[in-house]
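Structural features, examined
Given next are the chains, with one letter for each unit.
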Amino acid sequence: MLLEDRNAVIYGGGGAIGGAVARAFAREGARVFLAGRTLAALDKVAEQIRSTGGVAETAQVDALDEQAVEEHIGEVVEQAGSVDVSFNAISIRDVQLIPLAELSREDFISPIVTGTSTHFLTARAAGRRMAEGGSGVILTLSSSAVRAYVPGVYVGGFGIACAAIEALTKQLAAELGPRGIRVNCLRSEGIPESWEGVSTESWSGSPAEIEAQVKSRSLLARATTLADVGNAAAFLASDRARATTGTVFNLTSGTVVD
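Just so it is clear, the model here is predicted, and its values are computed rather than measured. (Residues numbered from 1 in each chain as written. Predicted model: local features only at pLDDT ≥ 70, side-chain atom pairs only at ≥ 80, totals over all residues. Heavy atoms only, no water.)

**Brief notes about a nonpolar patch on the surface**
Together, Leu 219, Leu 220 and Val 257 make up an exposed nonpolar region whose accessible area comes to about 330 Å². With respect to the helices and strands, Leu 219 occurs in the loop between helix H6 (207–217) and helix H7 (226–237). (Patch = residues over 30% accessible without salt bridge, like charges linked within 9 Å, V, L, I, M, F, W, Y side chains within 5 Å. Areas by Shrake-Rupley, 256 points an atom, 1.4 Å probe, with all protein chains shown as cover. Salt bridge = Lys/Arg side-chain N within 4 Å of Asp/Glu carboxyl O. Helix = DSSP H or I, 4+ residues; strand = E, 2+ residues; numbered from the N terminus.)

Take a look at the structure:
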């Protein structure tokens, strides 16, 4: 197993992407610590992991609360002995479907501040503990919106937030590399599976229409899946990717070509 005996913290572990990554980590042998604001969602994922023989713990943590993040990761280290992997998949409060010329300052700034702040706080907390042991992996999350500029598609400050997260990832990799810590970013495309239960009242089209648009922009004529993200995260967190840091891992199915 790729992550046997590793301790992994997943922020936003009750969400679609966070849950998929948590299940992939557990399948590969990691002990996962799910953190988020909604315990019911976290417990649901934890039960799924335990039902297949995995080990999962949950904790209510606001990943934008500096003190809460520090206290939680301290408890993880005290309980498990180390934190080996940190992955952040929390929602960054983006407002889309409105042209920038019509977008309010608050709605433009919100995802930029939220995305950079939570990734900084969680990465800093993990990096400090990982440095003590001389190893660890920090994974961040961005989107194709950082590079896919499509006429008539309005993503507000979301793409700019993703660009900032990718830049933060590379800076962290440069600073933490000498301490044995790798830092990489997963850049995904819109994932149809993750739309289940999400209100579509303000969408620019039906889920089926938007999925068709995603596939039409893909060089592989397919949509990225939650399993794709989970598998990639598990690989990047493992020693098989030990020569990889400061990298943006392209999971857009060819929507974006690097």
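**Description of the packing of helix H4 (residues 105–133) against helix H5 (residues 158–176)**
Two quantities define a packed helix pair, namely the angle between the axes and the distance from one axis to the other. At their nearest, the axes of H4 and H5 sit 8 Å apart, and the two run at 20° to each other. With respect to each other, H4 and H5 are oriented roughly parallel. Read as a crossing pair, H4 and H5 show a hand that is right-handed. Between H4 and H5, the residues in contact are Phe 108, Pro 111, Ile 112, Gly 115, Thr 116, His 119, Phe 120, Ala 123 and Gly 127 and Phe 158, Ile 160, Ala 161, Ala 164, Ile 165, Leu 168, Leu 172 and Leu 176, respectively. Looking at the contact of H4 with H5 residue by residue, the classes come out as 13 nonpolar, four polar and no charged. (Axes fitted to C-alpha atoms, helices over the stretch in contact; angles between N-to-C directions. Parallel < 35°, antiparallel > 145°, perpendicular 65-115°, else oblique. Left-handed = near helix turned anticlockwise from the far one by under 90°. Contact = heavy atoms within 4.5 Å. Nonpolar A, V, L, I, M, F, W, Y, C, P; charged D, E, K, R; others polar.)

**Observations concerning the packing of helix H3 (residues 66–80) against H4**
Running from amino to carboxyl end, H3 crosses H4 at an angle of 35°, the nearest separation of the two axes being 10 Å. H3 and H4 meet at a crossing whose hand is right-handed. Note on element contacts: H4 touches H3 through Leu 121, Thr 122, Arg 124, Ala 125, Ala 126, Arg 128 and Arg 129, opposite Glu 66, Val 69, Glu 70, Ile 73, Gly 74 and Val 77. Considering only residue class, the contact of H3 with H4 consists of six nonpolar, two polar and five charged.

**So, the sheet that holds strand S1 (residues 7–11)**
In spatial order, the strands read S3-S2-S1-S4-S5-S6-S7; together these seven strands make up an open sheet with parallel pairing. The open sheet has two free edges, formed respectively by strand S3 (55–60) and strand S7 (248–251), since each of these has just one partner strand. On average, adjacent strands in this sheet sit at an angle of 20° to one another, irrespective of strand direction. Inspection of the sheet shows strand S4 (residues 85–88) paired to strand S5 (residues 136–143) by three bridges, in the parallel sense. Note on S5: the bridge partner recorded for Val 85 is Val 137. (Pairing = 2+ DSSP bridges.)

**Observations concerning the pairing of S4**
The two faces of S4 match: Val 85 and Phe 87 on one face and Ser 86 and Asn 88 on the other face are all buried. In the sheet, S1 pairs with S4 via four bridges, with the strands oriented parallel. Bridge assignment links Tyr 11 to a residue of S4, and that residue is Asn 88. Handedness of the S4-H4-S5 crossover: right-handed. (Buried < 20%, exposed > 50% of the residue type's maximum accessible area, 1.4 Å probe, protein only. Right-handed = clockwise from strand over helix to strand, strands pointing away.)

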